[in-house]
Amino acid sequence: MTESSQARRLSRAKLVVLGRDNCGKTALCVRFITKRFIGEYDHKKEVTYKCRKVVDKEAIDLEILDTANKQKNALYCQCVGPAASSLESSIKWGDGFLIMYSVTDRSSFESVSRLKRLIDHVKQTLGIPTVIVANKCDMENGRVVRMEEGQSLANDLRCGFYEISVAESFPAVEGAVCELIREVRLEFHKHLIAMEKRSRLLQMRHALKNRLTRSKTVQW
């Protein structure tokens, strides 16, 4: 592999997992990294997990931020104050976002739009890599959010969408996170192309300016 091709590969990415309490954020992180499902966690702690994964035959170093319950406070105080500042810092840090909700908790579903708007506001741009993950689809008896509602919301917000059970399916968890990694890679390549185009334009302007300067010198 040449140095130029290595430079064009995304070697590391920072992912942020957002969502209301008890929607399965920590369970998803642990499931993705270890393949194991653990049902009970300390929801008060914010944790950054580090791991290396191979996605589409390319290795990538990941940092995955499992956000804590500061989100609830930030959402209900309309994104002002210490809780909101902390959440905004997490969003500034991230390259891509998983927004989770539980199909058994409508309030967690209703928070998705607000979180996506906050991401767009903090990043000051649209099209930030984001995947919406609906969890606990194995709990059909307690379902209050239909799959069609989740898919429709994701379409409206222009996000990827997965309905999964973290408890029952590692492949589904892996599929959702790997889809986000692909989107982050795509955004990285778009940025590279834009930077290269800008560099070429600057080089052309510089060459044209030098040519005009030489032309004036010869005429004089």
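Residues numbered from 1 in each chain as written. Predicted model: local features only at pLDDT ≥ 70, side-chain atom pairs only at ≥ 80, totals over all residues. Heavy atoms only, no water.

Before going further, it helps to examine the pattern of salt bridges. Scanning all chains against the criterion turns up 12 salt bridges. A salt bridge links R143 to E163; the nearest nitrogen and oxygen atoms lie 2.7 Å apart. With R143 in the loop between β5 (130–135) and α6 (147–157) and E163 in strand β6 (residues 160–163), this pair connects stretches of sequence that are 20 residues apart. The class for R143 is partly exposed, based on a relative accessible area of 21%. A salt bridge links E148 to R146, with the shortest nitrogen-to-oxygen separation between them at 3.6 Å. Put simply, R106, R146, E148 and E149 are held in one network by salt bridges that share partners. (Salt bridge = Lys/Arg side-chain N within 4 Å of Asp/Glu carboxyl O. Helix = DSSP H or I, 4+ residues; strand = E, 2+ residues; numbered from the N terminus. Buried < 20%, exposed > 50% of the residue type's maximum accessible area, 1.4 Å probe, protein only.)

Moving on to the pairing of strand β1 (residues 12–19). Moving residue by residue along a regular strand, the side chains alternate between the two faces of the sheet. The element β1 is largely enclosed, with a buried count of 6 among its 8 residues. Examined bridge by bridge, β1 and strand β3 (residues 58–66) share 6 bridges and lie parallel to one another. Pairing of K14 across the sheet is with E63, part of β3. Relative to strand β4 (residues 96–102), β1 is paired through 5 bridges, and the arrangement is parallel. Within the sheet, the bridge partner assigned to V16 lies in β4 and is F97. (Pairing = 2+ DSSP bridges.)

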